[in-house]
Amino acid sequence: MATREALWGYRNRFGDAFGRTYFRRFGPGVVSSVGIGTYLGEPTPEVDDASRESIGLALRSGVNHVDTAANYRCGRAERVVGEALRDAPVDRESVVVATKGGFLPFDGERPDDPSAYVRERFVEPEIVDPDDLTNGAHAMTPEFLEWSLDRSLDRLDLDSVDCFYVHNPETQLAARSRADVYDALEAAFEALERRRAAGDVGAYGVASWSAFRVPEDADDYLSLAEVLARAEAAGEAVGPDDDHGFEAIQLPFNVAMADAFTRRNQPAPPGTDADGPVSALEFAHKAGLSVVTSASIGQGDLAVEGAIPADVDATLAGETPAQRALNFARSAPGVTSSLVGTTDPGHVRENVAAGTFDPLGASAFDAVFE
C-alpha cells in the first residue's frame, strides 16, 4: 500500500519540475493532480502493450495515481496496471492505485453471448443472485464486492489497493428504491470496513457517473450527505471507534460537464456555514473528501482546437487544448486529481506537461462562471 514516506519521496524526486499545486494531499501523503486512467481501448494484446508503455512512462514522469476497474477492457486493464507497476522504476508504496467493483467483468474478451456468460460464470456458481442484478450486469452486494476485490487484487498482483470504489451505485436505482440503495451501500461499506481493517484496502469511496451531479428530483440522484452518513454508520458498526474509510468520490468533470461545480443539488454538510444547498464539489471539500475527476478532457473531445469556449479557453494555462482542458478540471476548488487515459506516449508527455502550469486559483475559477 502507498505510504506517507514513499508518497512524499516521490513528490520530492521531482523537485520544482511542476507547478506549486501539482501534488495534493491524498490518503497518507500526496498524489499527482494528473492521474492516468485505463477505461478506453479494445481488449486486445496490442492495446495491452500500448497501455503498459503509457502507464510506465507516466509513473516515470511524475504521475503517481493510476485508476482502473474490474470491468475495464474485460479485466485486461487491471492486469496491465499490475504489470506496469512491476516493471516501473518506482516503489509500489509511492503510487496510489485505485480500482472499482460493481459491474460484472468479462474475462479477457467479450463473450459471444453475454447473458449466457453471466449465468454460467456468476449466477450458477452463486457469486450473485439474479435478484441482486440490475440491467443484467451490475451488483452491489457485500459478497459480490468482496469477490470483485479479491479478483482485482489477483489481476493487479497486489496485496492491497489504496482506494476501492463502489462503481456507479446509481445503476441500482433502475430496479430499487433510493432507500434500498442507501441500505445496500451501508452493507457494502461495512464489508469494505472489514477489508480495510484487514489491510486489503487503504480507503474506499464511490465512483459515479451521474448520481452526484444531476438534479435532486432525477431518477439517478444520490445524496452525498446520506452516502457519507451510511459510511459513518458502517465505521461505527465495524470499528472500535467512529473512524471510517470513506475518503473519496469520483465523478465526471470538464468544461462541457461542469455541473458538479455549478449545480447546487447537495444538502450543506453539518457544522458548516453554507446557506442552503451546495454543489457536489463544495460538499466534498467541506466534508473532507478527496475528489477525483473522470472524463477530464471529455474522452478526447476537448483535445481539439475550438472545443473549449473561447472566453473560457482564454483564462486557462497550457500550450495545447488538452493541457488547457486538463487544467480546467484540476482548477476546480476541491479537486484532488484529474484522470486522463491514453495509450499514446506523446499524449502522456503532453498531459504530464499540463502540470508544469499552475491552474486557476479558486476565485479565478469562480469568475469563469459569472
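Look a little higher up for the structure.
Throughout what follows, the structure given in this document is the object of discussion. (Residues numbered from 1 in each chain as written. Predicted model: local features only at pLDDT ≥ 70, side-chain atom pairs only at ≥ 80, totals over all residues. Heavy atoms only, no water.)

This part takes up the pattern of salt bridges. Applying the stated rule across the entire model yields 27 salt bridges. For the salt bridge of Arg86 with Asp157, the shortest nitrogen-to-oxygen distance reads 3.4 Å. A residue pair is termed long-range when its members are at least 10 positions apart, and Arg86 in helix α3 (residues 76-87) and Asp157 in the loop between α5 (142-156) and β6 (161-167) qualify at 71 residues. A salt bridge links Glu305 to Arg324, with the shortest nitrogen-to-oxygen separation between them at 3.9 Å. (Salt bridge = Lys/Arg side-chain N within 4 Å of Asp/Glu carboxyl O. Helix = DSSP H or I, 4+ residues; strand = E, 2+ residues; numbered from the N terminus.)

When you line up the elements, Gln323 lands in helix α11 (residues 321-329). Aside from chain neighbours lying at most four places away, what touches Gln323 is Ala317, Gly318, Glu350, Ala353, Ala354 and Phe357. (Contact = heavy atoms within 4.5 Å.)

Here we come to the packing of α3 against α5. For any two helices packed against each other, the geometry comes down to the angle between their axes and how far apart the axes lie. Following both chains from N to C, one finds α3 and α5 inclined at 45°, their axes separated by 7 Å at the closest point. When the interaxial angle is binned, α3 and α5 end up oblique. The segment α3 lies against α5, with Glu78, Arg79, Val81, Gly82 and Arg86 engaging Ser152, Arg155 and Leu156. Among the residues making up the contact of α3 with α5, the classes are represented as two nonpolar, two polar and four charged. (Axes fitted to C-alpha atoms, helices over the stretch in contact; angles between N-to-C directions. Parallel < 35°, antiparallel > 145°, perpendicular 65-115°, else oblique. Nonpolar A, V, L, I, M, F, W, Y, C, P; charged D, E, K, R; others polar.)

The next subject is the packing of helix α6 (residues 178-197) against helix α7 (residues 224-238). Where α6 contacts α7, the axes come no closer than 8 Å and their chain directions differ by 45°. Between α6 and α7, the angle is such that the two are oblique. For the element pair α6 and α7, the recorded crossing hand is right-handed. Taking contact as the criterion, the partners of Tyr182, Asp183, Leu185, Glu186, Phe189, Glu190, Glu193 and Arg194 in α6 are, on α7, Glu226, Val227, Arg230, Ala231, Ala233, Ala234, Gly235, Ala237 and Val238. Per-class residue counts for the contact of α6 with α7 are nine nonpolar, one polar and seven charged. (Left-handed = near helix turned anticlockwise from the far one by under 90°.)

A cluster of acidic side chains, namely Glu109, Asp112, Asp113 and Glu120, defines a negative patch on the protein surface. Mapped onto the elements, Asp112 comes out in the loop between β5 (96-101) and α4 (114-123). (Patch = residues over 30% accessible without salt bridge, like charges linked within 9 Å, V, L, I, M, F, W, Y side chains within 5 Å. Areas by Shrake-Rupley, 256 points an atom, 1.4 Å probe, with all protein chains shown as cover. Lys, Arg positive; Asp, Glu negative; His and termini not counted. Charge placed at Lys NZ, Arg CZ, Asp CG, Glu CD.)

A few words now on the nonpolar core. Counting residues in each nonpolar core, the largest one holds 91 residues, and the members touching the most others are Phe189, Phe212, Phe246, Ile249, Leu251, Phe253 and Leu281. Among the elements that line this core, the one with the most residues is α6, at six residues. In this view, Leu281 contacts Leu251, Phe253, Ala260, Phe261, Val291, Ala332, Pro333 and Val335; residues no more than four positions away in its chain are not counted. Among the nonpolar cores identified, the runner-up in size contains 12 residues, and Leu7, Val31, Ala207 and Val292 belong to it. (Core = buried A, V, L, I, M, F, W, Y, C linked by side-chain atoms within 4.5 Å. Buried < 20%, exposed > 50% of the residue type's maximum accessible area, 1.4 Å probe, protein only.)

Quick look at the packing of aromatic side chains now. If you walk through the whole model with that rule in mind, you get 16 aromatic pairs. Taking the centre distance of 5.1 Å and the plane angle of 50° together, the rings of Tyr10 and Phe14 count as tilted. Under the relative-accessibility criterion, Tyr10 is labelled buried at 2%. Its relative accessible area of 15% is what places Phe14 among the buried residues. With a centroid separation of 6.2 Å and 70° between ring planes, the pair formed by Tyr10 and Phe23 is classed as edge-to-face. Here Tyr10, found in helix α1 (residues 4-13), pairs with Phe23, found in strand β1 (residues 23-26); they are 13 residues apart in sequence, far enough to count as distant. Its relative accessible area of 13% is what places Phe23 among the buried residues. Three or more aromatic residues link up through ring pairs in this structure, and these residues are Tyr10, Phe14, Phe18, Tyr22 and Phe23. The positively charged end of Arg213 is found above the aromatic ring belonging to Trp209, 5.5 Å away from the centroid. (Phe/Tyr/Trp six-rings, centres within 6.5 Å; stacked < 30°, edge-to-face > 60°. Lys NZ or Arg CZ within 6 Å of the ring centre and 35° of its normal.)

Phi is mostly negative for residues that are not glycine, and the peptide bonds are mostly trans. Phi angles above zero are rare outside glycine, and Arg73 is one such case at about 50°. In this fold, Arg73 is placed in the loop between β4 (65-67) and α3. The phi dihedral of Asp157 is positive, around 60°, even though this residue is not glycine.

With that settled, the discussion passes to α11. In terms of residue burial, α11 counts as a mostly covered element, since nine of its nine residues are buried. Tucked inside the fold, the buried residues of α11 contact β3 (34-37), β9 (290-294), α10 (310-313), β10 (335-341), α12 (345-353) and α13 (362-368).

The next point concerns the pairing of β3. Side chains Val34 and Ile36 project from β3 onto one buried face, and the interleaved Gly35 and Gly37 project onto a second face that is buried too. Here four bridges tie β3 to β10, and the two strands are oriented parallel to one another. When the bridges of β10 are listed, Gly35 appears paired with Leu339. (Pairing = 2+ DSSP bridges.)

Here we take up the environment of Thr38. Tracing the chain through its elements places Thr38 in the loop between β3 and α2 (45-61). Classification of Thr38 by relative accessible area gives buried; the value is 6%. Excluding residues that lie within four positions of it along the chain, Thr38 makes contacts with Ile55, Asp67, Thr68, Tyr72, Arg73, Ala77 and Val81. Among the polar contacts listed, one links the side chain of Thr38 to the backbone oxygen of Asp67, at a separation of 2.9 Å. In this structure the side chain of Thr38 is engaged in a polar contact, spanning 3.0 Å, whose partner is the side chain of Thr68. (Polar contact = N/O pair within 3.5 Å; in protein donor to acceptor, adjacent residues only side chain to side chain.)

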